[in-house]
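# Notes for the structure review
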Amino acid sequence: MKDYNSLIFELSKEGRKAYSLPPCDVGETRLDSLIPSSFLRDDEVDLPEVSEVDVVRHFTNLSTKNYGVDTGFYPLGSCTMKYNPKINEDMAALSRFSDIHPLQPEETVQGALELMFNLDSMLSEITGMERVTLQPAAGAHGELTGLMIIKAYHENRGDKKRNKIIVPDSAHGTNPASAAVAGFEIIEIESDKNGAVDLEKLKAVLSDEIAGLMLTNPSTLGLFEQNIKQIADLVHEAGGLLYYDGANANAIMGIARPGDMGFDVIHLNLHKTFSTPHGGGGPGSGPVGVRKDLVQFLPIPTVEKKDAKYVLDYDRPHSIGKVKSFYGHFGVAVKAYAYILSMGGDGLKNASQEAVLNANYIMNKLKKYYYLPMDQVCKHEFVLSGLLDNENHVSTLDVAKRLLDYGYHPPTIYFPLIVSDAIMIEPTETESVETLDSFIDVMIKISEEAKENPEILKTAPHDTNVRRIDEVKAARNLILKWDKNKQ
Amino acid sequence: MHRYIPNTEADEKQMLNSIGAKSIEDLFVDIPKNLRLEKNLNIHGPLSELELSNHMKNLSNSNKSVDDLVCFLGAGAYDHYIPSIVKHLAMRSEFYTAYTPYQPEISQGTLQVIFEYQTMICSLTGMDVTNASMYDGATACVEAAIMAVESARRDSVVVSSTVHPDVRKVLKSYMRFRDVEVIEVDMTDGVTDIEKLKSLVGSNIAGVIIQNPNFFGIIEDMTEIEKITHANKSVLINYVDPISLGILKSPADYGVDIVVGEGQSLGNSMSFGGPYLGFLATNSKLMRKMPGRIVGQSDDVDGKRAFVLTLQAREQHIRRYKATSNICSNQGLNALIAAIYMTTMGKKGIKEVAEQSAKKAHYAMNQLTKTGKFKLLFDKPFFKEFALTSSVESTRINKGLLHHNILGGYGLDKDYPELKNGLLLCVTEKRTKEQIDKLAQVMEVI
């Protein structure tokens, strides 16, 4: 079905339909006798008219033009594309989880509240924090929520001048964006030659205007921030708080905890570390955890246990308020909860160990062919800096596109920004050594092709549904929807 | 070994060997000893699949679903019928196990779906352009308000008190940290007070936010609101129920600048409040202020039609320090579900769902107000929700209904203390005459 190239609108034919509803059993009334005709539309919404089989074949065919974790190896750095267990999908789809209304009386949703309460405890245990809110919808939303909490903390102390957040230049792009959206000014600090926080540079920017520092550990280079205790002490002495970006938490479960490192506010990505699927761009889930004295600022409502009943607590005067409708992505929380129980405490630790083993294994095999700027033990991921001996000027993008021809999803490229031509590889623990070996072989083969036949890389991919796409044309000649009148 | 971790002990040994490490421990030497967790995580498990499944089913059985109860509850999450094919197609794992489509050559499925989703949201709202989805209706509304602030370069927004209370709460949380003032305009008889709106909309107001049909299900008269807003050069933002657009005039017909809303009712299960999707659509004038991902059509090097993320200059990873939105992950899978739903219902189906919901809601209102025990709280044209009032407290009514396995309405006094005993009921196309008659009969004797 490589050639399937129809839009659903092109299949539409007047009079076809894919739905059925029972006849309206409350009598024949004219709509305009119920609602004034000035409020009613004169036309019909221009949606497709297709049969049920058309719908099924169309979306099935489109799905085959996609590459998912179920298709193959997905070493996309910073994204933790681990296997998404099927049983978790079944559990989230149980009718008494998926077909419950968020505003039902508490006595009819005790199971849902219990699950949220327990997931809060589990995530708190894993991170070493006091409490966790499940309300944020994604990682970036978690960052924003955490930063709001940091601001609320300072304001509550009567300290209103702390309007700056420190972000290392190695940070995820959402960090500074979240800080900007939370109304902070951003102070960027340059990393040292190993991509770690430069203590002298940090000291130079600390002041009584600093609200906090955002950090991910392991860093975006996949390296553990060894001075983390000193960093925490410095920031705390200056009156600031430490924010932990949990994108890289898959390296440290059961091994070290952000709470013990001195972090005050953290977020996790359930869609990375806790195996919930990425959905082609969401839904994610970005729970936020805090130390004890910050619990009062968490979004409302929290789930509490009172007299063996679970209740929603809205009576929290210091709360930052709501950051989202209802209580967050409950359906995603169900999957993460099921995952954690499937693994158990020791299983989670083992997952982190194997993730780190897999990353180091690939790194050691590839460093003879690609430039490895930081040659030391890595955590769950590592960053290469383009090809070694690259006299034909084959780019990182070319390497990535050639990987498509060999049936792999490429690693994250050109990130982190502090490494030129970055190739960021995160295998995760759910891949076997055989899968890693095949990938390594292909990466080596590509490095050979770069010497012998660079054109094949520069014009890659060759075997995909579509080949390199003209992005300039897409941006210049904007076509953002199908237009019947232009066909 | 665990079923999700394929490496065997022998594999491990061989891999460590090739790295030149003696044990896994050697790979963690960089974590200072004093930071190492000295205990085992206190977490239950590991559970086998069978144990897990039993545990989860037990837990879920402490909930009552809308299959156990007959649902007349709305207020932002709606029990519309979801055709069987929606879930079957959304569960194609090539869709749900994929990442964001950053590698377009192997993501044409996701990209084309978003393109089709964009087309259908534009048809529904009448707007020029939309993005690939936002977290939910409330955060979509916040993003629209920020667009208004950015484009009008003013520092306050007006929101009607007939907008969903959760949406107003989320708006206030965000705006508090951006130093944007949120001014609420009162209602009169269940709709936005036009006179008060007129007096509030001044040179500091960037945008006006109106929900239509509003939180009480009432259809607001947008004509006058549009005149007031645009005469002040403010941005008009409409928060809408996408199903209502099957029969109601589109926001574009009223001259609305930004349309946002909660897309849950487009085929997404209620799932105790999420994940849903927010949609945000606007006109070409404001297009470049729109946050989030957008898919555009182009060609590949062979001239074949292909889709790709575009207008990326607005994205947070490029404008790191000047970002006005930080959204990255959105609700891809929920937007896919919405696209499949809109395709399945099509031109006729979306209209029929809206029409049946409206007719059944009006039938229910007539049955419930027949004897005079319950009165319409506001006598105004409504869509699928309406508010009743009586001498009985809403919690008592709901408790009584629950005895008969009926999920009653939303007690309005929680958010509107002045509307004591107000009860907001919702009727979708799923309800039958028999269920509505039963509701009326039970409520009559509480």
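In the block above lies the structure referred to throughout.
For the structure given in this document, a descriptive report is provided here. (Residues numbered from 1 in each chain as written. Chains lettered and ligands numbered in written order. Predicted model: local features only at pLDDT ≥ 70, side-chain atom pairs only at ≥ 80, totals over all residues. Heavy atoms only, no water.)

### Quick notes on the overall build of chain A
Where we set the bar: Labels follow the DSSP assignment, with helices taken as runs of H or I lasting at least four residues and strands as runs of E lasting at least two, numbered in each case from the N terminus. Between the two quantities, the radius of gyration covers C-alpha atoms and the globule rule is 2.2 Å times the number of residues to the power 0.38. Exposure is judged per residue with a 1.4 Å probe applied to protein chains only, and the accessible area is read against the type maximum: over 50% gives exposed, under 20% gives buried, and values in between give partly exposed. What makes two residues a contact is simply this: any of their non-hydrogen atoms within 4.5 Å. Accessible areas in this description were obtained via Shrake-Rupley with a 1.4 Å probe; residue shielding takes into account the shown protein chains only. In this count, Lys and Arg are taken as positive residues and Asp and Glu as negative ones, while His and the chain termini are left out. Where a charge lies is defined by one atom per residue type: Lys uses NZ, Arg uses CZ, Asp uses CG and Glu uses CD.
What chain A contains, in helices and strands, is 15 helices and twelve strands. Taking 487 residues into account, the globule formula puts the C-alpha radius of gyration at 23 Å, and chain A, at 25 Å, falls close to it. Principal-axis analysis of the C-alpha atoms gives chain A an extent of 80 × 65 × 45 Å. Of all 487 residues assigned to chain A, the portion counted as buried reaches 67%. Put simply, 70% of the contacts in chain A that link residues at least 6 apart link residues at least 24 apart. When the accessible surface of chain A is split by element, carbon and sulfur atoms take 46% of a total near 16,200 Å². Side-chain charges in chain A split into 50 positive and 69 negative, and the spacing between the mean points of these groups amounts to 1 Å.

### Here's the deal with the packing of aromatic side chains
Rules: Two rings from Phe, Tyr or Trp (for Trp, the six-membered ring) form a pair when their centres are within 6.5 Å of each other. A pair whose planes differ by under 30 degrees is stacked, one over 60 is edge-to-face, and the rest are tilted. Only lysine NZ and arginine CZ atoms are considered, and such an atom sits over a ring when it is within 6 Å of the ring centre and within 35 degrees of the ring normal.
Scanning all chains against the criterion turns up 23 aromatic pairs over all chains. Aromatic pair A:Phe73 and A:Phe439: ring centres 5.1 Å apart, planes at 75°, arrangement edge-to-face. Remark: A:Phe439 occurs in helix H13 (residues 433-452) and A:Phe73 occurs in the loop between helix H2 (52-63) and helix H3 (86-92); sequence separation between them is 366 residues. Across this residue pair, the class does not change: A:Phe73 and A:Phe439 are buried. Ring plane angle 55° and centroid distance 6.0 Å describe the contact between B:Tyr99 and B:Tyr102, whose orientation is recorded as tilted. Using a relative accessible area of 35% as the deciding quantity, one classes B:Tyr102 as partly exposed. A:Lys17 extends its terminal NZ or CZ atom over the ring of A:Tyr19, reaching a point 4.5 Å from the ring centre.

### Some remarks on the pattern of salt bridges
Pairs can form between side chains of opposite charge once their charged atoms are near each other. Heads up, the rule is: By definition, a salt bridge exists where a carboxyl oxygen of Asp or Glu is found within 4 Å of a side-chain nitrogen of Lys or Arg.
In total, this model carries 52 salt bridges over all chains according to the counting rule given. Ionic pairing is found between A:Glu200 and A:Lys203, a salt bridge with its closest N-O pair at 3.3 Å. One end of the pair, A:Glu200, and the other, A:Lys203, are both in helix H8 (residues 199-205), three residues apart, so they sit about a helical turn from each other. Relative accessible area serves as the criterion here: at 53%, A:Glu200 is assigned to the exposed category. Exposure remark for A:Lys203: the relative accessible area of 42% places this residue in the partly exposed category. A salt bridge links B:Asp299 to A:Lys473; the nearest nitrogen and oxygen atoms lie 2.2 Å apart. Of the two residues, B:Asp299 is situated in strand S11 (residues 294-299) and A:Lys473 in helix H15 (residues 471-476); the pairing between them involves two chains.

### A few points about helix H5 (residues 110-127) of chain A
Residues and elements named next belong to chain A. Rule in force here: The span expected for a helix works out to 1.5 Å for each residue beyond the first.
For H5, which comprises 18 residues, the first-to-last C-alpha distance of 26 Å matches the rise-based estimate of 26 Å (1.5 Å per residue) to within 8%. Most of H5 sits out of view: 14 of its 18 residues are buried. Backbone geometry just after H5 places Gly128 at a positive phi near 75°.

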